[in-house]
Amino acid sequence: MTVSNAVDQFTMLTGDRSKIKDLLCSRLTECGWRDEVRLLCRSILLEKGSNNSFTVEQLVSEVTPKARTLVPDAVKKELLMKIRTILTENENEDDDDDEVEEQEDEP
């Protein structure tokens, strides 16, 4: 399992994934990213979709790499810090739980 998959699974189990997703959505809206991607989709559709043979899957595959590059570095950094904070808090809770278990095992 990759680190990315482990973090994804952990955040789903703890319920933090929806918080991270909500934060991402709000930041992308605030910075205008969603509007940029919407305009990008429109321009691609105008360019290639005139004969109705351009599928949604084709649009997504063309827009996704460009949309990823449009995400501001500040948003990426903020999300990374949020994920690190969540993981650190969990690590600290695990350490506290281990200490309690050790104390309970002592006579």
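Rules used throughout
- Residues numbered from 1 in each chain as written.
- Predicted model: local features only at pLDDT ≥ 70, side-chain atom pairs only at ≥ 80, totals over all residues.
- Heavy atoms only, no water.
- UniProt positions renumbered as here; feature names shortened; annotations may be inferred.
- Core = buried A, V, L, I, M, F, W, Y, C linked by side-chain atoms within 4.5 Å.
- Buried < 20%, exposed > 50% of the residue type's maximum accessible area, 1.4 Å probe, protein only.
- Helix = DSSP H or I, 4+ residues; strand = E, 2+ residues; numbered from the N terminus.
- Salt bridge = Lys/Arg side-chain N within 4 Å of Asp/Glu carboxyl O.
- Axes fitted to C-alpha atoms, helices over the stretch in contact; angles between N-to-C directions.
- Parallel < 35°, antiparallel > 145°, perpendicular 65-115°, else oblique.
- Contact = heavy atoms within 4.5 Å.
- Nonpolar A, V, L, I, M, F, W, Y, C, P; charged D, E, K, R; others polar.
- Expected span 1.5 Å × (residues − 1).
- Arc of directions from axis to C-beta.

Under an unreviewed UniProt entry, the name given to the chain is Enhancer of yellow 2 transcription factor, and the source organism is Drosophila kikkawai. Regarding the chain, the relevant UniProt record gives this comment under Sequence similarities (unreviewed entry): "Belongs to the ENY2 family."

1. Looking at the nonpolar core
Judged by nonpolar contacts, the single largest core of 17 residues is most densely connected at Trp33, Val37, Ile44, Leu59 and Val63. Listing elements by their share of this core, those giving two or more residues are α2 (16-30), α3 (33-48), α4 (56-70) and α5 (73-105). It is α3 that provides the largest number of residues to this core, a total of five residues.

2. So, the pattern of salt bridges
The final tally for this structure, using the stated rule, is six salt bridges. With its nearest N and O atoms 3.5 Å apart, the salt bridge here joins Lys19 to Asp16. A residue pair is termed a helical-turn pair when its members lie 3 or 4 positions apart in one helix, as Lys19 and Asp16 do in helix α2 at three residues. By relative accessible area, which is 13% here, Asp16 ends up buried. The shortest N-O distance in the salt bridge between Arg38 and Asp35 comes to 2.9 Å. Residue Arg38 and its partner Asp35 are located together in helix α3, separated by three residues, close to a single helical turn. A relative accessible area of 43% places Asp35 in the partly exposed class. One connected set of salt bridges, linked through shared partners, spans Arg27, Glu30 and Glu78.

3. Considerations on the packing of helix α1 (residues 3-14) against α2
Close contact between α1 and α2 brings their axes to 5 Å; oriented N to C, the two are set at 105°. Taken together, the axes of α1 and α2 lie roughly perpendicular to each other. Residues Asp8, Thr11, Met12 and Thr14 of α1 form the contact with α2, whose own contacting residues are Asp16, Arg17 and Ile20. Grouping the constituent residues of the contact of α1 with α2 by class yields two nonpolar, two polar and three charged.

4. Focus on α2
Compared with an ideal rise of 1.5 Å per residue, which puts 15 residues at 21 Å, α2 spans 21 Å between its outermost C-alpha atoms and is within 8% of the ideal. Along α2, the residues that are buried comprise Asp16, Ile20, Leu23 and Leu28. Down the axis of α2, the smallest arc covering the buried residues is 125°, so these residues share one side. Of the exposed residues in α2, those oriented more than 90 degrees away from the buried face are Lys21 and Asp22. Just downstream of α2 lies Gly32, where phi reads positive at about 90°.

5. Structural notes on α3
The terminal C-alpha atoms of α3 lie 22 Å apart, and with 16 residues this matches the ideal 22 Å at 1.5 Å per residue to within 8%. Where α3 is concerned, the buried positions are Trp33, Val37, Leu40, Cys41 and Ile44. End-on, the buried residues of α3 take up no more than an arc of 100°, which puts them together on one face. For α3, exposure combined with an orientation more than 90 degrees from the buried face picks out Leu39, Arg42 and Leu46.

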